[in-house]
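Residues per chain are reported as follows:
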Amino acid sequence: MDTRRLFRISATALVAAGLLLSGCSSDSASGAGTGAGSTADPAALKKFYGQKLAWRSCGVTGFECAKMKAPLDYTKPDGTEISLAVARKKATGPGTRLGSLQVNPGGPGGSAVGYLQAYAGIGYPAPVRARYDMVAIDPRGVADSEPVECLTGKEMDAYTQVDQTPDDQGEETLLTASFKKFAAGCEKRSATILPHVSTVDAARDMDVFRAALGDKKLTYVGASYGTFLGATYAELFPKHTGRLVLDGAMDPSLPARELNRDQTAGFETAFASFAADCVKQTDCPLGTKSVADVGVRMKAFFNTLDAKPVATGESRPLTESLATTGVIAAMYDESAWPQLREALTTAMAGDGSALLTLADSYYERDSDGSYANLMFANSAVNCLDLPPAFSGPAEVTEALPSFEEASPVFGEGLAWASLNCAYWPTKATGTAHRIEAKGAAPIVVVGTTRDPATPYKWAVSLADQLSSGTLLTYDGDGHTAYGRGSDCIDTAINTYILEGTPPKPATKCS
């Protein structure tokens, strides 16, 4: 897999854990914060904060779209401008309109506009949609907002098949060469935007969008990486922070290696939950003796594919790396477990097409062989937000035991996948640090106890860091909690969004 900070929350949106850029909190009379090292004159940003959005129909019933201007570099607001895609669906009523509710599904690299149109704008609870304009902005570098581009479809096909558990020096060289080719492709095709897609930049764009919408404060629901984006916003603009829900939370205080290792453990926790369910089913292809037995057989199947990929009915066989991606894709939502059992059954019988389909959905590969820019933006943001987890193969080799201890099933592959940022052409501008966001309104942080992608302890940590954080716990499986079937979670969040009353401390739902 390309990076371990990429996750799926539904059929309509990919989300990922992101990393934190250092910054300082400040607001100005013009509404433009100047933190994170910015030296911009707030007056120079007024043309962006005061812009009027030209809303138009965008082909999806009930939704309007527009383009929003922002500076490429916030330290040079009179320089090059970029165009960012935004969308909205107006409040339906009844009830008094409360303003706009920005949503972000995560990634980094997930299209917030796509998520709004496919899910949030039609699937969020009716009372919320009645009182709020549902709005979204594609972060810079993503989808229709100056997208980062790196590889062609055929090049991505080759990239996703590279062996990420190298057995010898030759395979190690091929893996590092693939990371270098990916990075070089991004630099060749996206050199202008590449240094300016940090999470701090995206948070500043969110504040410009807030002002252009006419909202005095930001109301926001962010999932997975979207929680890091929301927390960063609160740090930069505490006076503009309204009702924020951070679901499937990141821990911005952790360096990249520790984040990746924690996430590796999270996938092992989720797989153990899948395994415990699998052994109870009559169609479990990984044995029925014990959870440990399922893990051993899963790793053994990966090893079999490493030696001899399985046919899929097309030119791309099911390799170990693609199979691992397919299994991980199914860890985000327990409703995908039956599909995974079936896909594993057919793959073990010699037909890898179903497991390849799961991997393709994870990578957002279309049937025509083209890819969305999700993976490109994901690496671009992550590699800018934090220094790389590893500087080279020797450090990965040294760290392998700790990753394999975190996950006997996925540890080796996820450790090597964490090497991708070592060869990135743009130097990281951020560092890991605690986010306190002093002066911000109450912020609700949601954690799921068996979340594969954003381990529960990250939510505990972020809620503790935030000066106004309140932890809401979902005791369950899957990635994120809001809108996934818990009336307790949904009621607590809806009450907060609609009435401004956060849940009581230590509230736990199932």
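These notes cover the structure that comes with them. (Residues numbered from 1 in each chain as written. Predicted model: local features only at pLDDT ≥ 70, side-chain atom pairs only at ≥ 80, totals over all residues. Heavy atoms only, no water.)

**Some remarks on the packing of helix H10 (residues 320-329) against helix H12 (residues 353-363)**
- For the pair H10 and H12, interaxial distance at closest approach is 7 Å and the crossing angle is 75°. As summarised for this structure, H10 and H12 are arranged roughly perpendicular, according to the angle between their axes. Every residue of H12 that contacts H10 at Leu322, Ala323, Thr325, Gly326, Val327, Ile328 and Ala329 is listed here: Leu355, Leu356, Leu358, Ala359, Tyr362 and Tyr363.
- By residue class, the composition of the contact of H10 with H12 is 11 nonpolar, 2 polar and no charged. (Axes fitted to C-alpha atoms, helices over the stretch in contact; angles between N-to-C directions. Helix = DSSP H or I, 4+ residues; strand = E, 2+ residues; numbered from the N terminus. Parallel < 35°, antiparallel > 145°, perpendicular 65-115°, else oblique. Contact = heavy atoms within 4.5 Å. Nonpolar A, V, L, I, M, F, W, Y, C, P; charged D, E, K, R; others polar.)

**Brief notes about the pairing of strand E11 (residues 469-477)**
- Here E11 lies mainly inside the structure; 7 of its 9 residues are buried.
- As for the winding sense of the linkage, the β-α-β connection from strand E10 (residues 443-450) through helix H16 (residues 456-465) to E11 is right-handed.
- Pairing analysis gives 3 bridges linking E11 to strand E12 (residues 507-509), with the strands arranged parallel. Counted as the bridge partner of Leu472 is Thr507 from E12.
- Taken together, E11, helix H17 (residues 487-499) and E12 constitute a β-α-β crossover, and its handedness is left-handed. (Buried < 20%, exposed > 50% of the residue type's maximum accessible area, 1.4 Å probe, protein only. Right-handed = clockwise from strand over helix to strand, strands pointing away. Pairing = 2+ DSSP bridges.)

**Details of the sheet that holds strand E9 (residues 241-247)**
- Taken together, 10 strands build an open sheet; the order of strands is E3-E4-E5-E7-E6-E8-E9-E10-E11-E12 and the sheet is mixed. A strand with exactly one partner marks an edge of an open sheet, and here the two such strands are strand E3 (56-57) and E12.
- For strand E6 (residues 99-104) and strand E7 (residues 132-137), the ladder comprises 4 bridges, and the chain directions are parallel. Residue pairing across strands places Ser100 opposite Asp133, the latter belonging to E7.

**Quick notes on the pattern of salt bridges**
- Under the defined criterion, the tally for this structure stands at 20 salt bridges.
- Of the charged contacts, one joins Glu81 and Lys47 as a salt bridge, the two residues approaching to 3.4 Å between their closest N and O atoms. Of this pair, Glu81 sits in strand E5 (residues 81-89) while Lys47 sits in helix H1 (residues 46-49), and the two are 34 residues apart along the sequence.
- The partly exposed category is assigned to Glu81, whose relative accessible area is 38%. (Salt bridge = Lys/Arg side-chain N within 4 Å of Asp/Glu carboxyl O.)

**Comments concerning the packing of aromatic side chains**
- Under the defined criterion, the tally for this structure stands at 18 aromatic pairs.
- A centroid spacing of 6.3 Å and a plane angle of 35° characterise the contact between Tyr332 and Tyr362, whose relative ring orientation is tilted. Of this pair, Tyr332 sits in the loop between H10 and helix H11 (337-348) while Tyr362 sits in helix H12, placing them 30 residues apart in sequence. Both residues of the pair, Tyr332 and Tyr362, belong to the buried class.
- One aromatic cluster is present, formed by Phe267, Phe271, Phe274, Phe302, Tyr332, Trp337, Tyr362, Tyr363 and Phe410 through successive ring pairs.
- In this arrangement the basic side chain of Arg204 is found over the ring face of Tyr74, its NZ or CZ atom lying 5.9 Å from the centre. (Phe/Tyr/Trp six-rings, centres within 6.5 Å; stacked < 30°, edge-to-face > 60°. Lys NZ or Arg CZ within 6 Å of the ring centre and 35° of its normal.)

**What about the packing of H11 against H12?**
- Here H11 crosses H12 at 130°, and the two axes come no closer than 7 Å. As the angle between them shows, H11 and H12 are arranged oblique. Along its contact with H11, which presents Gln339, Leu340, Ala343, Leu344, Thr346 and Ala347, the element H12 presents Ala354, Leu355 and Leu358.
- For the contact of H11 with H12, the residue count by class is 7 nonpolar, 2 polar and no charged.

**Description of the state of the cysteines**
- On inspection of all chains with the given rule, the structure shows 5 disulfides.
- The side chain of Cys58 participates in a disulfide bridge whose partner is Cys65; the two sulfur atoms lie 2.3 Å from each other. The S-S bond linking Cys58 to Cys65 shows a torsion near 65°; that makes this disulfide right-handed.
- For Cys58, a relative accessible area of 24% translates into the label partly exposed.
- Note on Cys65: relative accessible area 10%, which makes it buried.
- One disulfide in the model links Cys150 with Cys186; its S-S distance is 1.9 Å. Note on the Cys150 and Cys186 pair: the S-S dihedral is about 100°, so by sign convention the disulfide is right-handed. With Cys150 in the loop between E7 and helix H4 (153-161) and Cys186 in helix H5 (residues 169-190), the pair connects residues that are 36 residues apart, well separated along the chain.
- Sequence-ordered numbering of the bonded cysteines in the protein gives a disulfide pattern of 1-2, 3-4, 5-6, 7-8, 9-10. (Disulfide = S-S within 2.5 Å.)

Everything listed here is a matter of geometry and, on its own, says nothing about what the molecule does.
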